[in-house]
Every structure is written in structure tokens, then in C-alpha cells.
Amino acid sequence: NEIALELSLFKGRLTIAATKYKQKSRDLIFAVPNSATAGITSVVLNAGNLTNKGVELEINGTPVKSKSFTWDINFNYTQYKGIVDKLAPGVANIFLGGFVTPNTRLVVGDEYGQLYGNAYQRDAKSGKIIVGANGLPLITSGVQKIGNPNSKYQIGVTNTFTYKTFSFSFLIDY
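A quick note: this is a predicted structure, and the numbers were derived from the prediction, not measured. (Residues numbered from 1 in each chain as written. Predicted model: local features only at pLDDT ≥ 70, side-chain atom pairs only at ≥ 80, totals over all residues. Heavy atoms only, no water.)

Draft legend 1. Spatial organisation of the sheet that holds strand β8 (residues 144-147). Spatially, 4 strands are ordered β5-β6-β7-β8 in an open sheet, and the strand pairing comes out antiparallel. Every other strand in the sheet has two partners, leaving β5 (93-97) and β8 as the edge strands with one partner each. Taking each pair of neighbouring strands and ignoring which way they run, the sheet shows an average axis angle of 50 degrees. Inspection of the sheet shows β5 paired to strand β6 (residues 103-107) by 4 bridges, in the antiparallel sense. Opposite I94, over in β6, you have L106 as the bridge partner. (Pairing = 2+ DSSP bridges. Helix = DSSP H or I, 4+ residues; strand = E, 2+ residues; numbered from the N terminus. Axes fitted to C-alpha atoms, helices over the stretch in contact; angles between N-to-C directions.)

Right under this line is the structure:
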């Protein structure tokens with residue numbers, strides 16, 4: 001599902017495009033873990049469903065336009081989230097990368113590509129990291145979610161200055 005709006009104002013010197021979308025993908029192909037006793041450690045299957053939701057906004061403007069000089073500016077904003085809805089029956093997670101801790105996994109209910117690994121042990125009262133006798137932080141014995149590589153949003157601004165046939169452009173991303 002997608003809904004979009006496009007506007008062009010002031011003879012095209014200001015344009016605005018906005019989109020909101022929701023995409024459900026099913027039967028995504030992944031290497032699914034398999035028992036090593038069978039002689040293979042993974043089987044490639046249609047093993048997952050994923051829902052992507054997001055919004056996009058783009059604003060383009062030409063604040064200055066003359067015979068020999070033009071200044072164009074582009075602003076874009078993107079916010080998206082991909083949630084794992086379903087994995088193959090009997091599969092708790094699918095490893096996308098990393099053979100030891102940390103690694104990247106698909107887990108039902110999580111955002112796509114979460115990072116899992118050992119975390120640092122923390123004091124229950126203060127939340128401070130517990131340091132061992134060797135001066136290094138103590139790690140947890142079990143693996144847990146330790147990070148999300150997906151940004152909450154992305155913003156970009158591009159300015160382009162053109163003088164006759166020479167153009168200078170720069171981009172700022174956040």
C-alpha cells in the first residue's frame with residue numbers, strides 16, 4: 001500500500017513529494033539452519049515474511065536563478081522500519097552474518113538485522129559495568145540483543161551552485 005502527494009509551485013522552482021508506504025513481503029529466501037547430523041548445516045528456503053513501513057519527504061527548490069548562476073537545494077527525509085513477521089516452522093532465528101558473537105539475526109517481532117551477542121554484566125542497583133580482577137569488563141554468559149543497526153531516520157541536504165558551465169555541489173547527511 002502506498003499513498004503519495006506531489007506538488008510543483010512557482011513554475012517548478014519549488015517541488016514537494018511525500019510518500020507513505022507499507023509493504024508486506026512473504027516467502028523471502030534465506031539460508032535456514034539445519035541439523036548438522038543430516039550432513040548440511042543450512043537449507044535455502046522460502047522462510048520468512050517481512051513488513052516494511054515508512055515515510056519519505058523530498059523538497060526541491062531553486063532560490064536563485066539568473067542567466068549565468070543557479071542555486072538548487074534538495075532536502076530529503078526518510079523514516080522506515082522493517083519487522084520480521086514470520087520465519088520457517090521450527091526456526092527461532094536466522095543468522096545473516098557473523099559466526100560468533102556478535103552476529104546479525106532475523107528474529108520474529110524484531111526489526112530486520114538486529115545485532116546479538118554477549119553484553120557486559122552490570123550492577124543491578126547502579127547499572128554500572130562490572131569490571132573483573134584483570135581490569136576488563138565481565139561479559140554475560142548468554143547471548144542477547146545488543147544493538148540495532150537501523151537508523152530511526154535519515155536526512156539529507158544537497159546544495160548545487162552552477163555558474164555558467166561549472167557546478168559545485170555538496171551533500172550533508174544525518
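That covers the picture; the talk isn't over yet.
Draft legend 2. Representation of the environment of N46. By secondary structure assignment, the location of N46 is in strand β3 (residues 42-65). Linking N46 and I94, residues 48 residues apart in sequence, is a C-alpha distance of 12 Å. Other than its neighbours up to four places away in sequence, N46 contacts D27, L28 and I29. (Contact = heavy atoms within 4.5 Å.)

Draft legend 3. How the structure looks around the pattern of salt bridges. A complete count under the given rule lists 2 salt bridges for this structure. Salt-bridge contacts for R26 lead to D27; the nearest nitrogen and oxygen are separated by 3.1 Å. For D110, the salt bridge goes to K145, with nearest N and O atoms at 2.9 Å. Taken as a pair, D110 in the loop between β6 and β7 (114-117) and K145 in strand β8 lie far apart in primary sequence, 35 residues in all. By relative accessible area, K145 is classed as partly exposed at 40%. (Salt bridge = Lys/Arg side-chain N within 4 Å of Asp/Glu carboxyl O. Buried < 20%, exposed > 50% of the residue type's maximum accessible area, 1.4 Å probe, protein only.)

Draft legend 4. A look at the pairing of β7. Pairing between β6 and β7: 3 bridges, direction antiparallel. Within β7, the residue paired with R105 across the bridge is Q114. Taken together, β6 and the strand that follows it, β7, pair antiparallel across an intervening segment of 6 residues, in which G109 is found at a positive phi of about 90 degrees. Here β7 runs beside β8; their pairing, made up of 3 bridges, is antiparallel. Bridge assignment links G117 to a residue of β8, and that residue is Q144.

Draft legend 5. Spatial organisation of the side chain of Q114. As for its placement among the helices and strands, Q114 is situated in strand β7. The buried category is assigned to Q114, whose relative accessible area is 4%. Among the polar contacts made by the side chain of Q114, one reaches the side chain of N148 at a distance of 3.2 Å. Once residues within four sequence positions are removed from consideration, Q114 is found in contact with N103, T104, R105, K145, G147, N148, P149 and N150. (Polar contact = N/O pair within 3.5 Å; in protein donor to acceptor, adjacent residues only side chain to side chain.)

Draft legend 6. How the structure looks around the pairing of strand β1 (residues 2-9). Burial analysis of β1 places just 0 of its 8 residues in the buried class, which makes it a mostly uncovered element. Pairing analysis gives 8 bridges linking β1 to strand β2 (residues 14-33), with the strands arranged antiparallel. Within β2, the residue paired with E2 across the bridge is Y21. Counting the residues in the hairpin turn of β1 and β2 gives 4 residues, including F10, whose phi is positive at 55 degrees.

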